Structures are given as structure tokens and as C-alpha cells.
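Tertiary structure, described
Listed below, chain by chain, are the residues.
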Amino acid sequence: MKRSPLALVWADRIEGGRKSALLSLHHRLLGKSILELAVEAARNLHPADILAAIDGGGGDEENSPSLPGVCFLTTQKTPGPLGAILSAEDALSGNRTADLIVLDARLSLLGARSLRSLLAAHRRSGNALTLAESLGPLPVQAFRVADLLEALDTLKPVPRDGRGMDRLIERMAERGRKIGTYRLRHPEESLSVRTPAGVSTAIMFLRERKISQLESRGVIVLDPSTTWVDLDARIGKGTVLYPSVVIEGRTRIGTECRIYPFVHLIDAWVGGRVKILSSTVIEKSRIESDAQVGPFARLRPDTLVRSRAKVGNFVEMKNTVFGKHSKAGHLSYLGDAVVGEGVNIGAGTITCNYDGFRKSTTRIDGGAFIGSGTELVAPVRIGRDAYIGAGSVITKNVPPEALAVARGRQVERPGWVRRRRKK
Amino acid sequence: MKRSPLALVWADRIEGGRKSALLSLHHRLLGKSILELAVEAARNLHPADILAAIDGGGGDEENSPSLPGVCFLTTQKTPGPLGAILSAEDALSGNRTADLIVLDARLSLLGARSLRSLLAAHRRSGNALTLAESLGPLPVQAFRVADLLEALDTLKPVPRDGRGMDRLIERMAERGRKIGTYRLRHPEESLSVRTPAGVSTAIMFLRERKISQLESRGVIVLDPSTTWVDLDARIGKGTVLYPSVVIEGRTRIGTECRIYPFVHLIDAWVGGRVKILSSTVIEKSRIESDAQVGPFARLRPDTLVRSRAKVGNFVEMKNTVFGKHSKAGHLSYLGDAVVGEGVNIGAGTITCNYDGFRKSTTRIDGGAFIGSGTELVAPVRIGRDAYIGAGSVITKNVPPEALAVARGRQVERPGWVRRRRKK
Amino acid sequence: MKRSPLALVWADRIEGGRKSALLSLHHRLLGKSILELAVEAARNLHPADILAAIDGGGGDEENSPSLPGVCFLTTQKTPGPLGAILSAEDALSGNRTADLIVLDARLSLLGARSLRSLLAAHRRSGNALTLAESLGPLPVQAFRVADLLEALDTLKPVPRDGRGMDRLIERMAERGRKIGTYRLRHPEESLSVRTPAGVSTAIMFLRERKISQLESRGVIVLDPSTTWVDLDARIGKGTVLYPSVVIEGRTRIGTECRIYPFVHLIDAWVGGRVKILSSTVIEKSRIESDAQVGPFARLRPDTLVRSRAKVGNFVEMKNTVFGKHSKAGHLSYLGDAVVGEGVNIGAGTITCNYDGFRKSTTRIDGGAFIGSGTELVAPVRIGRDAYIGAGSVITKNVPPEALAVARGRQVERPGWVRRRRKK
């Protein structure tokens, strides 16, 4: 069995003579940064090490939990892949018998499969260097490390004019090292993401791949061309995605769900047989099985909607547990609340969780009925099976099974409208 | 004139040796189930009978009002079209002089026109059997019933290995019956919808056809690629559909309407010159001419918005009649309500139609003015031209032209904030 | 240097023998009417005059501010470009040494660049007449005015059978005038927008051009195929447009903004680094830098959201100034309001700006805290740093730093629920 290869991912932040900066490597394509995509492709080679030579440093990503185990190198003034190789020279010299894949970080459509095929072809052929090509030459190389270092030594001092790689290849050829090429199967793999148009093109291809994968696993995607699913999202069999749905981040959706149009999910966790009705936004929240949410609902982070609960239109929840079989059908805000089972939240219910000084919790125990247009001034607790009259402002705890009302008495002035109109 | 043909629609629920079930025939493509689409195509032949041999039975659809007059046969263990023909043997033996079209139910893009052309070609040619083909052979056959039954008899016992149809054709050829082929014009017509990817592909073609049809009838579809209109929906001339609109079911839209982005209509009835502003959801409701609804409105079933009324943002209606020229502009819930003409519903108005025990009706007579933030506790009636002060909880009927107020008195504590901050 | 050309834009409203009217020239393609697009293309020739011969008159557009300086001619009974030339005869006779471009107003994809190339080719070649062609002949001609008028004279009385232009060309040829052709580079430029299908096709191409332009200027358009940006909109570098965004009119968006899915902007002005969260509608309003709006917000005309303010879900504003660092997070309506800096608007706050008779203003001074579920009955002023208790109906001004409360007292009936259930 062959020894594990090394992988070297490189990128120049700023192009040679151009004034404007290239697009940042942090830019996300379907939820993953350009750099993450490159590192992931490299990781699929099961390399002994992943080295990264990022001009200007990897920035925040050096310590990113999404890039574990990547060794960020100090970059050199020599641009391009040759500069990256110089940065990696120390690391390479301890691995002379290994192969090395040198990969431009911006080749975001270069799949793991193609990279593995390149490495396999390189090894099969006995090449010292294998150059990838597609419609034209492509900045991906597979080297035998020993031959690379030998040629590199003859090249020093290394030119900084951007043509050093050409000369390195000349030196290898002069020394009789075998140099071959490997042709990629999919022409789109040669796309280097350097501009906004590159971003949208790369996303288009990544989306097609993701949607095909979902369909092959039994997800019904009614309109692939208007459906957006981030690469890290997972969706269960038999779930139906309606047109114009946007699913971001590490969202998980169970089986047999229905996600209706204009829904936006970000890092949501959704159980089985859940219905999410149109124009609903859910972020960092959990919806248990058989629940129904929306339309026009907005669940902010740390919300848990329990099984068979219903959340209706113009309802916002934040940091709230909403119990089984409970209903909040209309025009309500539940924040920092713990709601038990079988609770009925009337239209226009508001938890007043912030008094201008601090945030407080509202507890609504199981079976309670909250009349419409009620303000619950936290901290406050509504007891089990308690009943709040419509239009109340509740400032004190309500015991179980009690009726509580806090509102003005109705008074009338007959004929007032006629008199007023005469004025 | 030729005798009416017979149509035989068949489908195997489970493929031979495959573990996973095929996609259900109940799955909907632009609002019609796969089975309904097949039956509709068959019905366009004006057949004497439509026979259906659905492995596992037609399920709920056997009694479906959308499949009237279809005769569901008891299926046989022999798979495929031959099994279907065996199921139909009794029915066929009484129609020996007719022609028979045998149609795979999953050919959802096979239009009525192509099926009629196949039948016409079959008859013109004097064939005993005409096989449809497109990019390859296609599971659609036109038979002369007499020749079919004759060949079938010679085949018995019929093999169950899935190759019986091939042998049937051999027998017909051996007996000198004329066998021909008919090539379909549109290659997409050979698509058999058996997988999620098949669903999305079929929908894409059906949508294109539907949008073209709408455009040819004078509907302005600004962005066909993001517009979804179910096959059964009807839209009037001069109506403009903005991008990202989803129109489902038996929706009817009149002439000269404007349907703005992110609108979702399900079985809605919309008159002429209606504006439906962005992000509005309407289900099983009726909007009369010159009304305006949205943005962010949600009309639930059994709502009737009368002519020239306006329903604004974050307003929900359910089982409500909303009178001519009336306005409910903001943040309101009207459920089980009857609202007269020229009524002004202030922001934050809520009909408390459910008291935890039963649902009750709210009546608001013509010309009434409901101040903002009002709860109307049903059953309750607001008289003609009555005026409700803002922030009231109305529990008793209000006479015509009366002013009613039900709220607390304003009290103040000067300097309270300064003292509180010092704490 | 050549003398400025003349431009003659023409359109027949009704086609010869057809019953149904053609699509109106007022119809908008990505925010510009068909007629405006033609005039803009003509204007790019820097013509001495733009003449318009529109059958039935230019209608409202004759006085439109979007068509300044266009000279609308009285039309003739002769149809087509020859009729237009007849209408322009007086204007032409004073410009015999100029060139004339005759342009069908419905060629909405005929870019200014192509028109300039046609004129340049016409001049280079020394033609008396240059005919444009693409896939076939195209209703655009470049004439030398003197030669045109000479041939026109020989033709009189001008035939009205629709074939007059052919005869005019014959006459020019008979007189030995040089006639050439010019082939357009992009076949889509020959599209004449006469039907709904023409509208959607033209829009598709115009959108592609607009999106490409935005991308080339550094805007990140994540999903071009679901993004709609009107031709007159401007967007700053580094701004990210999520999928399914609709941007209309003269919207201006600054740099480094994020516009999330299902957002609809109409004539909005948005500063730098603004976030507009999903499903938000903004019309004729101004959002200053670093503010955040949405999701599910609706800003109606004449709203100004100041820097770093936050407007949250189910919040509507109209004709309102909303101060720096102020927050209105949930379920509120602010209309005809002036809100200072650092104000906290609780959930369910409503300005009662209309009392059924007139509209009035609400003033909320800096630092005030409005408790949830409050109605502010305008005209009313809440003083600096004042504090309104939740659930209040405020009808009188509140002094600075005062606490104001206006609500009912909470009363309870223990065991009420148990007794009620027994009934």
C-alpha cells in the first residue's frame, strides 16, 4: 500500500499587478467558505498532512473549528504555487518518499473524486510530476516530493516573477524526470472562484450536485431551480420541498415533512412529519415530530417546539419551550418562556420579558388558557389549567385553575358618533 | 366513423426485484396525481371505457371524484402491461372489434395529442399492434382487441417472468399480424415518473406547458422560471404575475389583476382588478373585484373579501365576510366574523372567537369604527356607525352610533425613571 | 466630425387585420416601459432630435418626465415605418444632410451599442440606406435623409397597403442609390415585444445583462436565476443578494449590505452595511447605514430608519422617523410618528394615528421605554426617558422621566375553571 500523500492548499490574496483585491477566501458557497471547500477536497485524499499557504494568513480560519488539523504556513514573497511550495519546504523535506498534491484553493468545483483520480493516475504512471488539465492547464499538480525538492534546489534563488513554476518544470524535464498530464472529466471543475460571477457560477453547480444527491435519497424537490440547500444540510426521505425554499447551515429535517414556499431555515432541527407553512423563518431552533409551524412564523434561536404543537401566523418565539399539543395561532410574541402541554395562547398574547432593565421568564403551566390580547409581565407564572380573560395585563402569578382578569370596564355614550359628526 | 377505443391504464406499485417501493401514484405533479394525469390523457381519446390495473389497487383514488367512471380491475400476479391485459380480459372479450390503448400510468408527459396521433396512426396503418417509441421503446401500445385476444390465448399459461409481452408480440408476428411502430415527436414524452428526480423533471415540463398556455391567453408572466401555476388554475387576460408566485389547486383569478412576489394561493377565487401584495397566503377564500390584500396577509378558508375592501399587513381572516370598502390595515385577527360595509378596523384588533369552550361570532355593522388594540369578545355585535375607543375590551353589544370604551385610566408617577435608575 | 443623426421611433398600436390589440407600449420590462427602452437606445446615438410616431399617440408618456425632449408626431394612416417617415417629413426636410435611424419601438433588446454600430457602418459604407438584419430582416433602418426624401417624393401618393417600405426601397435602388445591410451580433436583438411571451423573453435577457453588470461591479448575487433587479436600481460593492430577492424602481443600496431571501424593495434607499432580513417589504423609504430591518417588516412610504436602528418582525412603519439605536422588535405599527434616539418600542405597540376623522402625530422622545401592548393615541408626546407600563392606553402627554400606566387592575377568581368545567 502506498504511503499517505501530503496536500498543500495555496491562495494568493491579491493578484500581481491588479489594484482590486480578489474575492475573500472566507466567502461562502452554499454554506462553506472557499477555503473550507478546498481543504475538504484535500482531506478526502486521507493525507498525512494538510498544509495551507494562504497569502496574508488564513485569518480567522487558522483557528476555525471547521478547519481542524490544517497546518497554516508562513507565506513567502514568491507568488503562486511555487511560493506555496517554498513555504512548505521544511515540512516536505521530512517526507521525501511521499507524493504531494498542490491545490489552488479557489478551484471550488474540483471534487474529491477527481483529486483522488489525479493522485491515482500520478502513481500509476510513475510520474515525478503530473499536471492537471481540463479545457486548459489547471493549477493543480501532483509531485513526487523527492524529485520536487531536487529540482527546487537547482532553481535557487527562486525567481519572484510569477514564472518560477514554469522554470521548475523545465529543470525537472532537463533532469529526465517523467512529467505527465491528467485530464479532468468535468470542464466546470476548472472554475477558479475569483469574482462575483465566479461565486454565482460555482454555487449553481454545487446546488445541482446537492439537489441531485437529495433526490437520489428520496427527497421530493418540486422545483430544483428555485431551491437552495446548503451543503451541510440533511433531509429525510419522503420530505417534500416546495418551490422557493432556502435551507442554510447544518439544518436537519426528518422524513415525510412538508416545507412550503418561501420558507427560510438556518441551522434548524426538524423532526418527522412536520409541516412548515409558507413564509416562515426558523433559526437555531428545534421542531419535534408532527408539529406545524407557520405561515409567517418566526422562531429565533433556542426555541423548542414540542411534538404536535402548532405555531401559527405572525407568531414569534425566542428562547422558548412550547409544549406538546399547545397552540399559539396568531399575532403573539413568546420570549424567554416555558409553556407546558395543551396550552392555548390567544391571538395577540405578548410575554413582556424585558422591562428596560433585565430579562425575565414567563412560565405557563399545562392546560392554561390565555385569552386574546393579553400581556404577561415577566417574571410571572400562570398555573396549571388557569384561565386568563381576554385583554388582561397580568403582573402577578395566577394560581392553578383560577380565572384572572385585568382590564377596564366597558362604558358607553349613546349617540356620541352623531353628535361628533355634527361638529 | 370508427368505434370508440378502450383505454387501459396500468402501473406496478413495486418493481420486480427492488427492495424500495416506487414513488406512489398519488404523488402530485402541478396539482394532479400521476394517476389522474394518465387517466386524463386516456379520457382525451373519448374511450368507451377507461380500465385501470393498478398493482395494489387504486387506493383512495378508486372512489375519488377526480377519477369518475374509471373501472378499477383486480390485478394479477403477472407484472407489467401483460398483467394489466390479463386483468382486463373479460372486459376486452365483449369489445373484440374495438381498438385498445395500453398506457403506463407513469408517462406523465405523454400528452393527449400524442396519444390521439398514436391511435390515428394505428388505425390508418391497419396494424394489429402499434408500438410507441421515442428515444427508445415506450410502454404504450395500441392493439386491435380481436388480434390481441387471439394471441393471448395461444400464450397461456402466461409467463410471470416479466418477458410475457415480448412473447405475445412474437405470437402475433408468427400469426402474420401486422405490427408497426409510431414515433413520438417530443423526446420528453418518454419520461416515466418513478423517482424524485423524475418528479422534478416532469414538473419542469408541465410548468413550461402551463405557462405557455397562460401567456398565449394574455396573462403576463414576468418570470416564468420562478412561477408555479397548477394545471387546474385559471387566470384572466391582462393579469400580471410577478416573480416567485405559487398558485395551487383550482384557483381562479380574474382579468387585470396584479399578483406580487412571494404570494401563495391555494384554491382561491379572485375577481377582476384585484391586487394581491407581496408575501400573502390565501386558501379557499374569495376576493371580489377591485379589492386589495396584503402584503403579509393570510386568508384562511371560508373568507369572503368584498369588492373594494382592503386587507393589510399582518392581518389574518378565517370564516369571515369582510364588507365592501371596509379596511383592516394592520396586525388584526378576524375569525368567525361578519363585517359590514365601510368599516374601519384599527391596528391590533382581535376577535376573541374562542373562549376555550366554544367558537362564537362577531358582528360589526356598516360604518363602525374599531379603535386600535381592541379585543371584541364574541359573541358580540357592534352596531351601525358605532365607535370603539382604542385599547378597549368589548364584552357587551354596542348600540348603533354609540361610543364604547373599556380601558384603564392613565396615571403617572413623575421622576419614577430617575429614581429607579439610581437603585 | 459627422453631424448628429436624427432618430425616429415608431410603433403601431393595432396590427393591420388582427382583432386583438398589441401589448401596450406602456408595459414595463424590468422597470422601464417598452417605449422608454426604445427612446433610451435612440438617445445613446446623441441625436439632434428624437421623433416619435406612435399610433394612437404617446398617451400619458407624451408628457412623461421619463421621456424629456422627445417630439411626438401626429401619426398617419399609412402603417409601419413608412407611415412614421411621412409623419416626420416636415422635421426631416430641415435636416437633409443628416442621417436618420428609423427604429421599431418594440425591439427592446436592441442595445445602444448595436444601434451605434449600425450608424457607424452606414456612414462608413456611404450607403443611402442600410437595413439591419439578424436571423432575418429587422425593422431598423439607417437612411441618408436627402436620398430618403427624394425617393419618398417619387412614391406619392404613398400606398397604405403595408408594402410601401418595399416600394420605397425599390425606388431608391432604381435611382442608383447604394443600399446595404448590417448584421446584428446577438440574435436575441431581433425580438419584437408584441405578446406576453415576448415580455417574459425580453425580461429574461435584460435581467441577465443587469445581473452581469452588478457582478462586474462587485455585487455578490448568490442566485442570478431567482434575482430580479430593475434596470434603474444601483447596488454597492460587496453587497450580497440572497436568492429570491425582488428589487424594483430607483432603489439604491450601499456597500456591504446583506439582502436576505424573499425581500421586496421598491424605490428604497439603503445605506451601507445594512441587513434586510427575509420576507421584508420596503417602499419609498430610507434606511441609514448599519441598520437592520426584518424579517417580516413592512416599511411604507416616507419612513426613515436612522443608523444602527433595528426594526423586527411583524412591524409596520409609515411616514415615520425612527431614531438611531432605537428598536421596534415585534408586532408594532408606527404611523405618522417621530421617534428619537435609543427608544425601546415594546412588542405590540400601536400608534393610533387615525381617529376616524383625522390623522395625528405621535412623538416619542429619546431614551423612552414603551412597554409591550401599548396604544399611543395621537396626538400625543412621550417625553425623554419616560417609561410606559405594559398594556397601557396612553391618551395624554407623558412628561420626561415619568412612569405612565393606564390599565385595569388584576382580579382573580380561584377555582373558576373547575366550576366552569362542571357546567
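A few points about the domain arrangement of chain A
All names here are of chain A. Partitioning chain A into domains gives domain 1 (6–190) and domain 2 (196–404). Interface area for domain 1 against domain 2, summed over the two sides, is near 1100 Å², with a carbon-plus-sulfur share of 74%. When residues of domain 1 are sorted by the area they lose upon contact with domain 2, Leu-29, Leu-30 and Leu-109 head the list and together hold 58% of the total. Among the salt bridges present, the one from Lys-32 reaches Asp-232, with a minimum N-O distance of 2.8 Å. Put simply, domain 1 and domain 2 have four residue pairs in polar contact (both at pLDDT 80 or more) between them. Grouping the amino acids of the side of domain 1 that touches domain 2 by side-chain chemistry returns five nonpolar, three polar and four charged.

Side note on the pairing of strand S25 (residues 310–318) of chain C
All names here are of chain C. Here S25 lies mainly inside the structure; eight of its nine residues are buried. Bridge analysis of strand S22 (residues 292–293) against S25 gives two bridges, and the strand direction is parallel. Looking at S25, one finds that Gln-292 is bridged to Lys-310. Judged from the three bridges that link them, strand S23 (residues 297–299) and S25 form a sheet pairing that is parallel.

A closer look at a positive patch on the surface
Taken together, the side chains of Arg258(A), Lys275(A), Lys310(A), Lys327(A) and Lys359(B) present a region of like positive charge at the surface. Along the chain, Arg258(A) turns up in strand S16 (residues 258–259). Judged by its relative accessible area of 31%, Arg258(A) is partly exposed.

Regarding the relation of the copies chain A and chain C
It takes a turn of 120 degrees to lay chain A on chain C, together with a shift of 0.0 Å along the axis; the resulting RMSD is 0.1 Å. What we have between these two chains is a three-fold relation. Rotation axis and chain A: the residue whose C-alpha lies nearest the axis is Gly408(A), separated from it by 2.7 Å.

What about the interface of chain B and chain C?
Each partner contributes residues to the interface: chain B has 51 residues there, and chain C has 59 residues. When chain B packs against chain C, close to 4000 Å² is buried across both sides, 64% of that on carbon and sulfur atoms. Measuring nitrogen to oxygen at the nearest pair gives 3.6 Å for the salt bridge that ties Asp385(C) to Arg421(B). Run the count over chain B and chain C and you get 15 residue pairs in polar contact (both at pLDDT 80 or more). Where the side of chain B that touches chain C is concerned, the elements lending two or more residues are strand S10 (220–221), strand S25 (310–318), strand S27 (327–335), strand S38 (410–413) and helix H8 (416–422) of chain B. Looking at the side of chain B that touches chain C residue by residue, the classes come out as 25 nonpolar, 16 polar and ten charged. Examined bridge by bridge, S38(B) and strand S37 (residues 403–406) of chain C share four bridges and lie antiparallel to one another. Across the sheet, Arg413(B) pairs through a bridge with Leu403(C), a residue of S37(C).

A look at the confidence of the model for chain A
Residues and elements named next belong to chain A. Averaged over all residues, the pLDDT of chain A is 93; the fraction at 70 or higher stands at 95%. Contacts for the low-pLDDT stretch residues 16–20, under 50 throughout, to residues beyond four places or in other chains number zero contacts. Two numbers describe this predicted complex: its pTM, 0.96, and its ipTM, 0.95.

What about the sheet that holds strand S9 (residues 179–183) of chain A?
Residues and elements named next belong to chain A. The seven strands lie next to each other as S5-S4-S1-S6-S8-S7-S9, forming an open sheet whose pairing is mixed. Edge positions in the sheet fall to strand S5 (70–72) and S9, since each has one partner strand and no second. Across the sheet, the axes of successive neighbouring strands diverge by a mean angle of 25 degrees, strand direction being ignored. Packing of helix H2 (residues 80–87) onto the sheet brings it into contact with strand S1 (6–11), strand S4 (49–54), strand S6 (99–104) and strand S8 (137–144), and relative to S1 it is tilted by some 130 degrees.

Here we look at the nonpolar core
If you look at the biggest cluster of nonpolar residues, it comprises 156 residues, and the most contacted ones within it are Val140(A), Val140(B) and Val140(C). Aside from chain neighbours lying at most four places away, what touches Val140(B) is Ile101(B), Val102(B), Leu103(B), Leu107(B), Leu110(B), Leu115(B), Leu118(B), Thr130(B), Leu131(B) and Ala132(B). Judged by nonpolar contacts, the second largest core, of 50 residues, contains Val221(C), Ile247(C), Ile276(C) and Ala406(C).

Topic: the sheet that holds strand S26 (residues 321–322) of chain A
Residues and elements named next belong to chain A. Here we have nine strands laid out as an open sheet, ordered S12-S15-S18-S21-S24-S26-S28-S31-S34, and parallel in their pairing. The open sheet has two edge strands, strand S12 (234–235) and strand S34 (380–382), and neither has a second partner. Here two bridges tie strand S15 (residues 252–253) to strand S18 (residues 269–270), and the two strands are oriented parallel to one another. For Arg-252, the partnering residue across the bridge sits in S18 and is Trp-269.

Remarks on the packing of helix H2 (residues 80–87) of chain B against helix H5 (residues 145–155) of chain B
Residue and element names in this part refer to chain B. In contact at an axis separation of 12 Å, H2 and H5 are set at 105 degrees when each is read in the N-to-C sense. Taken together, the axis directions place H2 and H5 in an arrangement best described as roughly perpendicular. Taken together, the residues of H5 that come into contact with H2 (itself represented by Leu-82, Ile-85 and Leu-86) are Leu-148, Leu-152 and Leu-155. Residue composition of the contact of H2 with H5, by class: six nonpolar, no polar and no charged.

Points about the side chain of Glu189(B)
All names here are of chain B. Inspection of the secondary structure assignment puts Glu-189 in the loop between strand S9 (179–183) and helix H7 (196–216). Buried Glu-189, no salt bridge; nearest opposite-charge side chain is Arg-209, N-O distance 4.6 Å. Here Ser-114 takes part through its side chain, which lies 2.8 Å from a polar atom of the side chain of Glu-189. Apart from residues lying up to four places away in sequence, Glu-189 is in contact with Leu-107, Leu-109, Leu-110, Gly-111, Ser-114, Leu-138, Leu-184 and Arg-209.

Side note on the pattern of salt bridges
As a working rule, side chains carrying opposite charge can pair if their charged atoms are close by. Residues and elements named next belong to chain A. Taken as a whole, this structure holds 78 salt bridges over all chains when the rule is applied. Between Arg-144 and Asp-147 there is a salt bridge; the shortest N-O distance is 2.8 Å. On the accessibility criterion, Asp-147 (9% relative accessible area) is buried. Taken together, the salt bridges that share partners define one network made up of Arg-144, Asp-147, Glu-150, Arg-175 and Arg-177.

Brief notes about the interface of chain A and chain C
Listed by partner, the interface residues are 59 residues for chain A and 51 residues for chain C. Taking both partners together, chain A and chain C bury about 4000 Å²; carbon and sulfur atoms supply 63% of that area. Put simply, chain A and chain C have 15 residue pairs in polar contact (both at pLDDT 80 or more) between them. Here the side of chain A that touches chain C gets six residues from one element, more than from any other, and that element is helix H7 (residues 196–216) of chain A.

Notes on H7(A)
A rise of 1.5 Å per residue sets the reference length of H7(A), with its 21 residues, at 30 Å; its end C-alpha atoms lie 30 Å apart and thus fit the reference within 8%. One or two steps after H7(A), the chain reaches Gly218(A), where phi turns positive at roughly 95 degrees.

Considerations on helix H4 (residues 112–125) of chain C
Across its 14 residues, H4(C) extends 20 Å between first and last C-alpha, which sits within 8% of the 20 Å expected from 1.5 Å per residue. Those residues of H4(C) that sit buried are Ala112(C), Ser114(C), Leu115(C), Ser117(C), Leu118(C), Leu119(C), Ala121(C) and His122(C).

What to know about the side chain of Ser360(C)
All names here are of chain C. By the secondary structure assignment, Ser-360 is in the loop between strand S30 (350–352) and strand S31 (362–364). On the basis of relative accessibility, which here comes to 12%, the residue Ser-360 falls in the buried class. With near-sequence residues (within four places) excluded, Ser-360 lies in contact with Asp-336, Asn-353, Ala-378 and Pro-379.

What to know about the environment of Ser332(A)
Among the secondary structure elements, Ser332(A) is positioned in strand S27 (residues 327–335). Since its relative accessible area comes to 0%, Ser332(A) is described here as buried. C-alpha of Ser332(A) to C-alpha of Thr361(A): the two residues are 29 residues apart in sequence and 16 Å apart in space. If we skip the residues at most four places from it in the chain, Ser332(A) touches Phe314(A), Val315(A), Glu316(A), Ile345(A), Gly346(A), Ala347(A), Gly348(A), Thr349(A) and Leu331(C). For Ser332(A), the side chain forms a polar contact with the main-chain oxygen of His330(A), separated by 2.9 Å. Engagement of the side chain of Ser332(A) in a polar contact is seen with the backbone oxygen of Gly346(A), the distance being 3.3 Å.

Rules and cut-offs
Residues numbered from 1 in each chain as written. Chains lettered and ligands numbered in written order. Predicted model: local features only at pLDDT ≥ 70, side-chain atom pairs only at ≥ 80, totals over all residues. Heavy atoms only, no water. Domains from an automatic or database assignment. Buried area = accessible area lost by both parts, 1.4 Å probe. Salt bridge = Lys/Arg side-chain N within 4 Å of Asp/Glu carboxyl O. Polar contact = N/O pair within 3.5 Å; in protein donor to acceptor, adjacent residues only side chain to side chain. Nonpolar A, V, L, I, M, F, W, Y, C, P; charged D, E, K, R; others polar. Buried < 20%, exposed > 50% of the residue type's maximum accessible area, 1.4 Å probe, protein only. Helix = DSSP H or I, 4+ residues; strand = E, 2+ residues; numbered from the N terminus. Pairing = 2+ DSSP bridges. Patch = residues over 30% accessible without salt bridge, like charges linked within 9 Å, V, L, I, M, F, W, Y side chains within 5 Å. Areas by Shrake-Rupley, 256 points an atom, 1.4 Å probe, with all protein chains shown as cover. Lys, Arg positive; Asp, Glu negative; His and termini not counted. Charge placed at Lys NZ, Arg CZ, Asp CG, Glu CD. Least-squares fit on C-alpha atoms with pLDDT ≥ 70 in both. Contact = heavy atoms within 4.5 Å. pLDDT = per-residue confidence, 0-100. Axes fitted to C-alpha atoms, helices over the stretch in contact; angles between N-to-C directions. Core = buried A, V, L, I, M, F, W, Y, C linked by side-chain atoms within 4.5 Å. Parallel < 35°, antiparallel > 145°, perpendicular 65-115°, else oblique. Expected span 1.5 Å × (residues − 1).

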